[in-house]
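Single-letter residue listing:
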Amino acid sequence: QVQLVESGGGLVQAGGSLRLSCAASGRTISWYAMGWFRQGPGKERELVAAISGSGGNTRYSDSVKGRFTISRDNAKNTVSLQMNSLKLEDTAVYYCGARDATPVVSAYPSNYNYWGQGTEVTVSS
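Here goes a summary of the coordinates provided. Just so it is clear, the model here is predicted, and its values are computed rather than measured.

Section: the overall build of the protein chain
Here's step 1: Within the protein chain one finds zero helices and eleven strands.
Here's step 2: What you see in the protein chain, going N to C, is helices and strands ordered as β-β-β-β-β-β-β-β-β-β-β.
Here's step 3: Relative to its length of 125 residues, the protein chain is compact, with a C-alpha radius of gyration of 13 Å against a globular reference of 14 Å.
Here's step 4: On the principal axes, the C-alpha backbone points of the protein chain span a range of 40 × 25 × 25 Å.
Here's step 5: Among the 125 residues that make up the protein chain, the fraction classed as buried is 46%.
Here's step 6: Partitioning the intrachain contacts of the protein chain with sequence separation of at least 6 by distance along the chain shows that 60% fall at a separation of at least 24.

See below:
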């Protein structure tokens, strides 16, 4: 079992930055692909960014490319999401997910086995 705890969410003005962190416990996550997903009100959970087990492969949604950066520190069992140039439409609850037993990234929430409780990001005008 892997437990995930997100932190770093909050209220920020449009154009600002936030850094989300996901701390994993229970198992080392170096063999797990990790992803950041978000879910806005009335919307389905969608991929924001994902990173392979080694960190050598990343994937971003088109809406965040060039603004967000996903990274991981396997020695610390953490995954981070640096969010710059935030927009109103980035407002959502952000979730960290871990994909069991494979380092290969996936864009589909159903392929992730473990989830954190989420951290809320609100971007204001």
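There is more to say, and it comes next.
Details of the sheet that holds strand β7 (residues 68–73)
Here's step 1: On the basis of which strands lie adjacent, the open sheet formed by four strands has the order β1-β3-β8-β7 and antiparallel pairing. Pairing within the sheet leaves two strands with one partner each, and these edge strands are β1 (3–7) and β7. Strand-to-strand, the axes of this sheet are offset by a mean angle of 15°, without reference to chain direction.
Here's step 2: Here β1 pairs with strand β3 (residues 18–25) via five bridges, running antiparallel. When the sheet's bridge partners are listed, E6 is paired in β3 with C22.

Here's the deal with the pairing of β7
Here's step 1: Side chains of β7 alternate between two faces, with F68, I70 and R72 buried and T69, S71 and D73 left unburied.
Here's step 2: Across six bridges, the pairing between β7 and strand β8 (residues 78–83) is antiparallel. Within the sheet, the bridge partner assigned to R72 lies in β8 and is V79.
Here's step 3: What sits between β7 and β8 in their antiparallel hairpin is a turn of four residues, with N77 showing a positive phi close to 60°.

Calculation criteria
- The residue numbers shown here count from 1 along each chain, following its written sequence.
- Confidence filtering applies because this is a predicted model: local features only for residues at pLDDT of at least 70, side-chain atom pairs given and counted only at 80 or more, and all residues used for totals across whole chains, interfaces and linings.
- Side-chain descriptors were evaluated using all non-hydrogen atoms of the structure, hydrogens and water having been removed beforehand.
- Comment: elements are numbered from the N terminus, with helices defined as DSSP H or I runs of at least four residues and strands as E runs of at least two.
- Using C-alpha atoms as the atom set, the radius of gyration is obtained and then compared with a globule rule of 2.2 Å times the number of residues to the power 0.38.
- Each residue's exposure class comes from its accessible area (1.4 Å probe, protein chains only) as a fraction of the maximum for that residue type: buried when under 20%, exposed when over 50%, partly exposed otherwise.
- Throughout, a contact is declared for two residues whenever any of their heavy atoms are within 4.5 Å.
- Strands are labelled as partners when DSSP assigns at least two bridges between them.
- In this analysis, axes come from line fits to C-alpha atoms, helices being fitted only over the stretch in contact, and the angle between any two N-to-C directions falls in the range 0 to 180 degrees.

Taken by themselves, the reported measurements are silent on function.
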